[in-house]
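A structural walkthrough
Single-letter residue listing:
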Amino acid sequence: YQKGVQETCRNAQVVFDKFHVILNVNKAVDQVRRAEVRLGGAGVWEALHKSQWLWRKNPENLNEEQAAELAVLTQSNLATVKAYQMRLAFQDAYRLDSASAAQRRLQAWCRWVRWGERKFGVVFGEMVKFAESVEKHLAGILAHWKYRITNAFMEGLNSVFSAVKRRSRGFRSFVYLRTMLYFVAGKLRLPTL
């Protein structure tokens, strides 16, 4: 997309969607967990076994049992715990009011990730890749604060369209598909018979 925008819309500003940026940091945390389970020493597998969903939630969305489990895990020196804390700090950057404050926070966050790499080594590789991606695409991420736009509406429409296609089990022509999409997404009022 970026290359296409640069070639055809030179004055356009690419804005990286908050949802997808957070999704990528979540994936990086999960990859750290997997690497730590695979390469970790004694007790790591037992500590992280069946904890995949715990790291995907924000602390306020945890039930009592999960919160207790997280409290125990945060006392350990696991790379997954540090990656989770980094994810939460990254999300907090989106609560800042200005792009300049967010830029300082994100740059400091990237330095923090590099510190984590020195401490945890190869296990932290995916977090480092994500931090490099943040540095590379910082202008597009910071554009969020200027334009305050997301593609959530389009994602929602795409979900509705996919459901229509699944329900129909295929259309004979694009005309039928388009007509059905207008009926479903257009919120048309049809007269009752």
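Residues numbered from 1 in each chain as written. Predicted model: local features only at pLDDT ≥ 70, side-chain atom pairs only at ≥ 80, totals over all residues. Heavy atoms only, no water.

1. A look at the packing of aromatic side chains
Test applied: Put simply, two rings from Phe, Tyr or Trp (the six-membered ring, in Trp's case) pair if the centres are within 6.5 Å, and we call them stacked under 30 degrees between planes, edge-to-face over 60, tilted for the rest. A helix here means a DSSP run of H or I that spans at least four residues, while a strand means a run of E at least two residues long, and both kinds are numbered starting from the N terminus. Relative accessible area decides the class of each residue, using a 1.4 Å probe on protein chains only: under 20% of the type maximum gives buried, over 50% gives exposed, and in between gives partly exposed. Note on geometry: a ring has a charge over it if NZ (lysine) or CZ (arginine) is within 6 Å of the ring centre and within 35 degrees of the ring normal.
Inspection of the entire model under this criterion finds seven aromatic pairs. With centroids separated by 5.1 Å and ring planes inclined at 15°, the aromatic side chains of tyrosine 94 and tryptophan 145 adopt a geometry described as stacked. Taken together, the residues tyrosine 94 in the loop between α5 (79-93) and α6 (99-120) and tryptophan 145 in helix α8 (residues 138-147) connect sequence positions 51 residues apart. The class for tyrosine 94 is buried, based on a relative accessible area of 7%. Its relative accessible area of 7% is what places tryptophan 145 among the buried residues. Every member of this aromatic cluster is reached through a ring pair, and the members are Phe90, Tyr94, Trp109, Phe130 and Trp145. The ring of tryptophan 53 carries the charged tip of arginine 56 above its face, separated from the ring centre by 4.3 Å.

2. Remarks on the packing of α5 against α6
As a reminder of what qualifies: As a rule, the C-alpha atoms of each element are fitted with a line to give its axis, helices using only the stretch in contact, and angles between N-to-C directions run from 0 to 180 degrees. Note that the term roughly parallel is reserved for angles under 35 degrees, roughly antiparallel for angles over 145, roughly perpendicular for angles of 65 to 115, and oblique for everything else. Any pair of residues with heavy atoms lying within 4.5 Å of one another is described as a contacting pair.
The geometry of α5 relative to α6 is characterised by a closest axis approach of 10 Å and an angle of 175° between their N-to-C directions. Regarding the angle of α5 to α6, the classification is roughly antiparallel. Contacts from Ala79, Lys82, Gln85, Met86, Ala89, Phe90, Asp92 and Ala93 in α5 reach Ala102, Arg105, Leu106, Trp109, Trp112, Val113, Trp115, Gly116 and Phe120 in α6.

3. Here's the deal with unusual backbone geometry
Of all residues except glycine, most have a negative phi; of all peptide bonds, most are trans. The phi torsion at lysine 50 lies on the positive side, around 60°, for a residue other than glycine. Assignment of secondary structure puts lysine 50 in the loop between α3 (44-48) and α4 (64-73). In the Ramachandran plot, arginine 148 falls in the positive-phi region, its phi being about 50° despite a non-glycine side chain. Its place among the elements puts arginine 148 in the loop between α8 and α9 (152-168).

4. Here's the deal with a nonpolar patch on the surface
Which entries qualify depends on this criterion: A patch consists of residues whose relative accessible area exceeds 30% and which take part in no salt bridge; residues with like charges are grouped when within 9 Å of each other, and nonpolar side chains (Val, Leu, Ile, Met, Phe, Trp, Tyr) when within 5 Å. Surface accessibility follows the Shrake-Rupley procedure with a 1.4 Å probe radius. Residue values consider only the protein chains on display as shielding. Whenever Lys or Arg places a side-chain nitrogen within 4 Å of a carboxyl oxygen from Asp or Glu, that contact is recorded as a salt bridge.
A cluster of nonpolar residues, Phe171, Val175, Tyr176, Met180, Tyr182, Phe183, Leu188 and Leu190, forms a patch on the protein surface that exposes about 800 Å² of accessible area. Mapped onto the secondary structure, tyrosine 182 falls in helix α10 (residues 174-185). Classification of tyrosine 182 by relative accessible area gives exposed; the value is 55%.

5. Some thoughts on the environment of phenylalanine 19
By secondary structure assignment, the location of phenylalanine 19 is in helix α2 (residues 18-39). For phenylalanine 19, a relative accessible area of 53% puts it in the exposed group.

6. Looking at the nonpolar core
Cut-off, in case you're wondering: Here, nonpolar core means buried Ala, Val, Leu, Ile, Met, Phe, Trp, Tyr and Cys residues that are tied together by side-chain atoms lying within 4.5 Å of each other.
Judged by nonpolar contacts, the single largest core of 41 residues is most densely connected at Trp55, Phe90, Trp109, Val113, Phe124, Met127 and Phe130. Breaking this core down by element, the ones donating at least two residues are α2, α3, α4, α5, α6, α7 (125-136) and α8. Not counting residues up to four positions away in its chain, the partners in contact with methionine 127 are Val25, Ala28, Val29, Val32, Ala83, Met86, Trp109 and Val113.

7. Considerations on the side chain of arginine 87
The line we're drawing: His residues and chain termini do not enter the charge count, which takes Lys and Arg as positive and Asp and Glu as negative. Polar contacts, as used here, are pairs of N or O atoms within 3.5 Å; protein pairs need one atom able to donate a hydrogen and one able to accept it. Residues neighboring in sequence count only if both atoms are side-chain atoms.
Its location among the elements puts arginine 87 in helix α5. Buried arginine 87, no salt bridge; nearest opposite-charge side chain is glutamate 60, N-O distance 8.1 Å. Looking at arginine 87, its side chain comes within polar contact range of the side chain of glutamine 91, at 2.2 Å.

8. Remarks on α10
Turn by turn, an α-helix covers 3.6 residues, leaving residues three or four places apart pointing in a common direction. Definition in use: Expected helix span is given by 1.5 Å per residue-to-residue step, counting one fewer step than there are residues.
Across its twelve residues, α10 extends 16 Å between first and last C-alpha, which sits within 8% of the 16 Å expected from 1.5 Å per residue. Of the residues flanking the end of α10, it is lysine 187, one or two places downstream, whose phi is positive at about 50°.

9. Topic: the packing of α6 against α7
Each pair of packed helices can be summarised by the angle the axes make with each other and by the distance between the axes. The criterion, for reference: Each crossing gets its handedness from the near helix: less than a right angle anticlockwise from the far helix is left-handed, clockwise is right-handed. Just so you know the grouping, Ala, Val, Leu, Ile, Met, Phe, Trp, Tyr, Cys and Pro go in nonpolar, Asp, Glu, Lys and Arg go in charged, and all remaining residues, Gly too, go in polar.
Look at α6 against α7: their axes get within 9 Å of each other, and the N-to-C directions meet at 155°. Viewed along their axes, α6 and α7 adopt a mutual orientation that is roughly antiparallel. Taken as a pair, α6 and α7 cross one another with a handedness that is left-handed. On α7, the residues that touch Trp109, Cys110, Val113, Arg114 and Glu117 of α6 are Met127, Val128, Phe130, Ala131, Glu132, Val134 and Glu135. In terms of residue class, the contact of α6 with α7 is built from eight nonpolar, no polar and four charged.

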